[in-house]
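If you want the building blocks of each chain, they are given just below.
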Amino acid sequence: MRALICVDIQNDFCPGGALEVKDGLAAAEVANQLMDRFDLVVATQDWHPANHKSFAAMHPWRRPGDVIELNGLEQILWPIHCVQGSFGAEFVRELRTDAFEKVFVKGTDPEIDSYSGFFDNGHRKATGLGDYLKEKGVEEVYIVGLALDVCVKFTVLDALELGFKTYLVEDGCRGVNLKPKDSDRAVMEMKEKGTIIVTAAEVD
Ligand code: VGL
Ligand code: ZN
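None of these values were measured; they are calculated from a predicted model.

Trainee: Would you explain the packing of aromatic side chains in this entry?
Mentor: The description of an aromatic ring pair rests on the distance of the ring centres and on the angle between the ring planes. On inspection of all chains with the given rule, the structure shows seven aromatic pairs. Summarising the aromatic geometry, the rings of F38 and Y142 are spaced 5.1 Å apart at their centres and angled 70° between planes, so their arrangement reads as edge-to-face. One end of the pair, F38, is in the loop between α1 (25-35) and β2 (40-46); the other, Y142, is in strand β6 (residues 140-146), and 104 residues separate them in sequence. Note on accessibility: F38 and Y142 belong to one class, buried.

See below:
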């Protein structure tokens, strides 16, 4: 049993959004193409309360891109994005959301960020995605979405740690690249840790 995990393909991560990723809509296109090849399709959704402490605006004098310590963890500060119920938090219109068997929200606790679709950044709480996939008998996961160097990367690394055979569909991802080479570095790290890097055309 194999599953496709669509990570954070939301308006705020696409061009025009609050935390836009260059060519982000390409992730929706590739995800749509792949869905029919999978037994199970799930999604993650970045879903922050308006007072989430990953937002630079919650900290006097701080700017997006600054790094602070938040409850014992290093935290990059972001623009306000993916606020629960807002347009920016919705999946992009192009995405075939009807194919999602289940959606897992993350980043709901204002005190801790959650890049991975499986756990928060402190590995304190699970979203339920890991148990859900195991209950369904999933052994292999294919991951697409946004942003390659943030939430996709951490979702991939947790999938490996949970024992899934993990594939990154590289052309179905785009990165934020706060630093120019972040996406390249992220792919290298995922590969070194055992991720199989494929293109959508290689998924049968
Ligand atoms: C993400 C930064 C903050 C992502 C989410 O989905 O990659 N990045 N929140
Ligand atoms: Zn976020």
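Once the structure has been displayed, the description carries forward.
Trainee: Would you explain the layout of surface pockets in this entry?
Mentor: Over the atoms, a rolled probe matching the size of one water molecule traces out where space is still vacant. There is about 720 Å³ of room inside the largest pocket. Breaking the lining of the largest pocket down by element, the ones donating at least two residues are β4 (73-76), α3 (148-161) and α4 (182-192). For the lining of the largest pocket, the element with the most residues is α3, which contributes eight residues. Looking at the second largest pocket, it is lined by 13 residues, and the ones nearest its centre are G107, T108, D109, D120 and K125. Considering only residue class, the lining of the second largest pocket consists of four nonpolar, four polar and five charged.

Trainee: Would you take a moment to explain the site of ligand 1 for this structure?
Mentor: Neighbouring ligand 1 are D8, F13, L19, D46, W78, H81, L146, A147, V150 and C151. Between ligand 1 and D8 there is a distance of 2.6 Å, counted from an oxygen atom to a side-chain nitrogen or oxygen. In this structure, H81 approaches ligand 1 through a side-chain N or O atom, which is 3.1 Å from a nitrogen atom. Notes on ligand 1: free accessible area 260 Å², of which the protein chains cover 100%. Of all the cavities here, the one that holds ligand 1 is the largest cavity. Residue composition of the shell around ligand 1, grouped by class: seven nonpolar, one polar and two charged.

Trainee: Sorry, what's going on with the side chain of T195 here?
Mentor: Inspection of the secondary structure puts T195 in the loop between α4 and β8 (196-198). At 2.7 Å, the side chain of T195 and the backbone oxygen of M190 are in polar contact. Residues within four places of T195 in sequence aside, it is in contact with V156, L160, T166, Y167, L168 and M190.

Trainee: Would you explain unusual backbone geometry in this entry?
Mentor: Among all residues except glycine, the phi angle is most often negative; among peptide bonds, the trans geometry is most common. In this model, L146 is joined to A147 through a cis peptide bond whose omega is -15°. Take A147: it is sitting in the loop between β6 and α3. Although it is not a glycine, C82 adopts a positive phi angle of roughly 50°. Relative to the helices and strands, C82 resides in the loop between β4 and β5 (102-106). One non-glycine residue, N177, lies in the positive phi region at around 55°. Residue placement: N177 occurs in the loop between β7 (165-174) and α4.

What counts as what
- Residues numbered from 1 in each chain as written.
- Chains lettered and ligands numbered in written order.
- Predicted model: local features only at pLDDT ≥ 70, side-chain atom pairs only at ≥ 80, totals over all residues.
- Heavy atoms only, no water.
- Phe/Tyr/Trp six-rings, centres within 6.5 Å; stacked < 30°, edge-to-face > 60°.
- Helix = DSSP H or I, 4+ residues; strand = E, 2+ residues; numbered from the N terminus.
- Buried < 20%, exposed > 50% of the residue type's maximum accessible area, 1.4 Å probe, protein only.
- 1 Å grid on protein atoms, 1.4 Å probe; cavity = no way out; pocket = protein on both sides within 12 Å on 5 of 7 lines; lining within 4 Å.
- Points joined across faces, edges and corners; volume = space filled by probe spheres on them.
- Nonpolar A, V, L, I, M, F, W, Y, C, P; charged D, E, K, R; others polar.
- Near = heavy atom within 4 Å.
- Polar contact = N/O pair within 3.5 Å; in protein donor to acceptor, adjacent residues only side chain to side chain.
- Areas by Shrake-Rupley, 256 points an atom, 1.4 Å probe, with all protein chains shown as cover.
- Sits in = over half its atoms within 2 Å of the grid points.
- Contact = heavy atoms within 4.5 Å.

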